[in-house]
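Each chain, letter by letter, is given below.
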Amino acid sequence: AQKVTQAQTEISVVEKEDVTLDCVYETRDTTYYLFWYKQPPSGELVFLIRRNSFDEQNEISGRYSWNFQKSTSSFNFTITASQVVDSAVYFCALSEARRGNEKLTFGTGTRLTIIP
Amino acid sequence: GAGVSQSPSNKVTEKGKDVELRCDPISGHTALYWYRQSLGQGLEFLIYFQGNSAPDKSGLPSDRFSAERTGGSVSTLTIQRTQQEDSAVYLCASSLGGGPQFFGPGTRLTVL
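These notes cover the structure that comes with them. The shown structure was predicted, so the numbers you read here are calculated from the model rather than taken from an experiment.

With respect to the overall build of chain A
In terms of helices and strands, chain A carries 0 helices and 12 strands. Listed N to C, the secondary structure of chain A is β-β-β-β-β-β-β-β-β-β-β-β in terms of helices and strands. Taken over C-alpha atoms, the radius of gyration comes to 14 Å for chain A, in line with the 13 Å a tight globule of 116 residues would show. If one aligns the C-alpha atoms of chain A with their principal axes, the spans along those axes are about 45 × 25 × 20 Å. In chain A, which comprises 116 residues, the share counted as buried stands at 44%.

What to know about the environment of B:Thr110
Residues and elements named next belong to chain B. The residue Thr110 is located in strand E11 (residues 107-111) in this model. Residues Thr110 and Gln84 lie 26 residues apart in sequence; the distance between their C-alpha atoms is 7.6 Å. Thr110 has contacts with Lys11, Val12, Thr13 and Ser87, leaving out every residue within four places of it along the chain.

Focus on the packing of aromatic side chains
Taken as a whole, this structure holds 21 aromatic pairs over all chains when the rule is applied. Taking the centre distance of 5.7 Å and the plane angle of 85° together, the rings of A:Phe106 and B:Tyr35 count as edge-to-face. One end of the pair, A:Phe106, is in strand E11 (residues 105-106); the other, B:Tyr35, is in strand E4 (residues 31-38), on a second chain. In this structure, A:Phe106 and B:Tyr35 share a single accessibility class: buried. Seen in terms of ring centroids, B:Tyr33 and B:Tyr35 are 6.2 Å apart; in terms of plane orientation they differ by 25°. Their pairing is stacked. In this structure B:Tyr33 comes out as buried when scored by relative accessible area, which is 0%. The class for B:Tyr35 is buried, based on a relative accessible area of 0%. Clustering of aromatic rings is evident, with ring pairs tying together A:Tyr33, A:Phe35, A:Tyr37, A:Phe47, A:Phe91, A:Phe106, B:Tyr33, B:Tyr35, B:Phe45, B:Tyr48, B:Phe102 and B:Phe103.

Digging into unusual backbone geometry
The omega torsion of the bond from B:Ser7 to B:Pro8 falls at -10°, within 30 degrees of zero and hence cis. Tracing the backbone through its elements, the reader meets B:Pro8 in the loop between strand E1 (5-7) and strand E2 (10-13). Phi angles above zero are rare outside glycine, and A:Lys16 is one such case at about 85°. Structurally, the position occupied by A:Lys16 is in the loop between strand E2 (10-14) and strand E3 (19-21). For B:Arg81, which is not glycine, the phi dihedral falls at a positive 45°. Among the structural elements, B:Arg81 can be located in the loop between strand E8 (75-79) and strand E9 (88-95).

Overview of the nonpolar core
Formed by 23 residues in total, the largest nonpolar core has its most connected members in A:Trp36, A:Phe75, A:Phe77 and A:Tyr90. For this core, the secondary structure elements donating two or more residues are E2, E3, strand E5 (32-39), strand E8 (64-69), strand E9 (74-79), strand E10 (88-96) and strand E12 (110-115) of chain A. Top contributing element to this core by residue count: E10(A), with 4 residues. For A:Phe77, the contacting residues outside a window of four places in its chain are A:Val19, A:Thr20, A:Leu21, A:Trp36, A:Leu48, A:Tyr64, A:Ser65, A:Trp66 and A:Tyr90. Ranked by size, the runner-up nonpolar core spans 20 residues in total, among them A:Tyr33, B:Ala31, B:Leu91 and B:Phe103.

Looking at the interface of chain B and chain A
Taken together, the 18 residues of chain B in the interface contact 16 residues of chain A. Surface buried jointly by chain B and chain A totals about 1,500 Å² across both partners, of which 53% is contributed by carbon and sulfur atoms. Counting the contacts that link chain B with chain A gives 1 salt bridge. Among the ionic pairs, B:Asp56 bridges to A:Lys103, the shortest N-O distance being 2.9 Å. At the junction of chain B with chain A, the criterion picks out 9 residue pairs in polar contact (both at pLDDT 80 or more).

Comments concerning the sheet that holds strand E7 (residues 65-69) of chain B
Residue and element names in this part refer to chain B. Ordered by their spatial adjacency, 4 strands build an open sheet running E1-E3-E8-E7, and the pairing between neighbours is antiparallel. Each having just a single partner strand, E1 and E7 make up the two edges of the open sheet. Each strand of the sheet is rotated relative to its neighbour by a mean of 15°, with strand direction disregarded. Bridge count for strand E3 (residues 19-24) against E8 is 5 bridges, and the pairing is antiparallel. Its bridge partner being in E8, Val19 is matched across the sheet by Ile79.

Reading the values: the criteria
Sequence order sets the numbering: in each chain, residues are counted from 1 along the sequence as written. Chain letters and ligand numbers both follow the written order, the letters beginning at A and the numbers at 1. Restriction of local features to residues with pLDDT of at least 70 applies here, the model being predicted, together with a cutoff of 80 or more for giving and counting side-chain atom pairs; totals for whole chains, interfaces and linings are based on all residues. Note: side-chain values were computed over all heavy atoms of the structure, leaving out hydrogens and water. The helix count covers DSSP runs of H or I at least four residues long, the strand count covers runs of E at least two residues long, and both are numbered beginning at the N terminus. Radius of gyration here uses only the C-alpha atoms, and the compact-globule reference equals 2.2 Å multiplied by the residue count raised to the power 0.38. Relative accessibility thresholds used throughout: buried, under 20% of the residue-type maximum; exposed, over 50%; partly exposed, between the two (1.4 Å probe, protein chains only). Residue contacts follow a heavy-atom distance rule, with two residues in contact if any of their heavy atoms lie within 4.5 Å. Stacked, edge-to-face and tilted labels apply to pairs of Phe, Tyr and Trp rings (six-membered ring for Trp) whose centres lie within 6.5 Å, assigned for plane angles under 30 degrees, over 60, and everything in between, in that order. Residue types Ala, Val, Leu, Ile, Met, Phe, Trp, Tyr and Cys, when buried and joined through side-chain atoms within 4.5 Å, form a set referred to as a nonpolar core. Here's the idea: put two parts together, see how much 1.4 Å probe accessible area each one loses, and the total over both is what we call buried area. Think of a salt bridge as a Lys or Arg side-chain nitrogen and an Asp or Glu carboxyl oxygen that are within 4 Å of each other. Pairs of N or O atoms are called polar contacts if they sit within 3.5 Å, as long as, within protein, a hydrogen donor faces a hydrogen acceptor (for residues adjacent in sequence, only side-chain-to-side-chain pairs). Paired strands are those between which DSSP finds at least two bridges. Axis lines are fitted through C-alpha atoms, for helices just across the contact stretch, and the angle between N-to-C directions can take any value from 0 to 180 degrees.

Below, the structure written as structure tokens:
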């Protein structure tokens, strides 16, 4: 069975601070995908990133960066120089990597509040 | 449209009534998923479609829940004899050939 744990329920930081959201996963699959989604107050889930289990290179996209460490089963997400628009609930998710059914197993989410 | 659309955006119904929720996936996306988001259960998978067939219905919570997809496009999720515990946001997502899933805005269902 797959499981995703986001231990941080809520985080508040002052604008321009850096913040890291933690994600730890469990799976017996040898190939899998890891995801981060953002859910702003409007409610729609916004796709941020997908990583394949074979690719442990860290990724940077603007102020966002992701650190994937297979050895610790973690896929952490860092926002640099946070902005008020980053306030949202962030979900980490996991799926098998195969053509066809890639249903997502989600963590419970981390509510991030950026204080102006 | 460019993204996944869902209707209605909000639905209030009385306990025992049937409801239908609709999802229009991104054009050309062959895979379609339904999820449910509730305070108690978080985000949980309901059903997966590939084309018009549903090879994975394992997340449907009871036989009161059913879904179909026609023409490889629009999908309808039906809940019969609604119960208060069915109150949640129902989310639809679509993907193209193993790509990431893109979500619609959801339907907020309230069962009185």
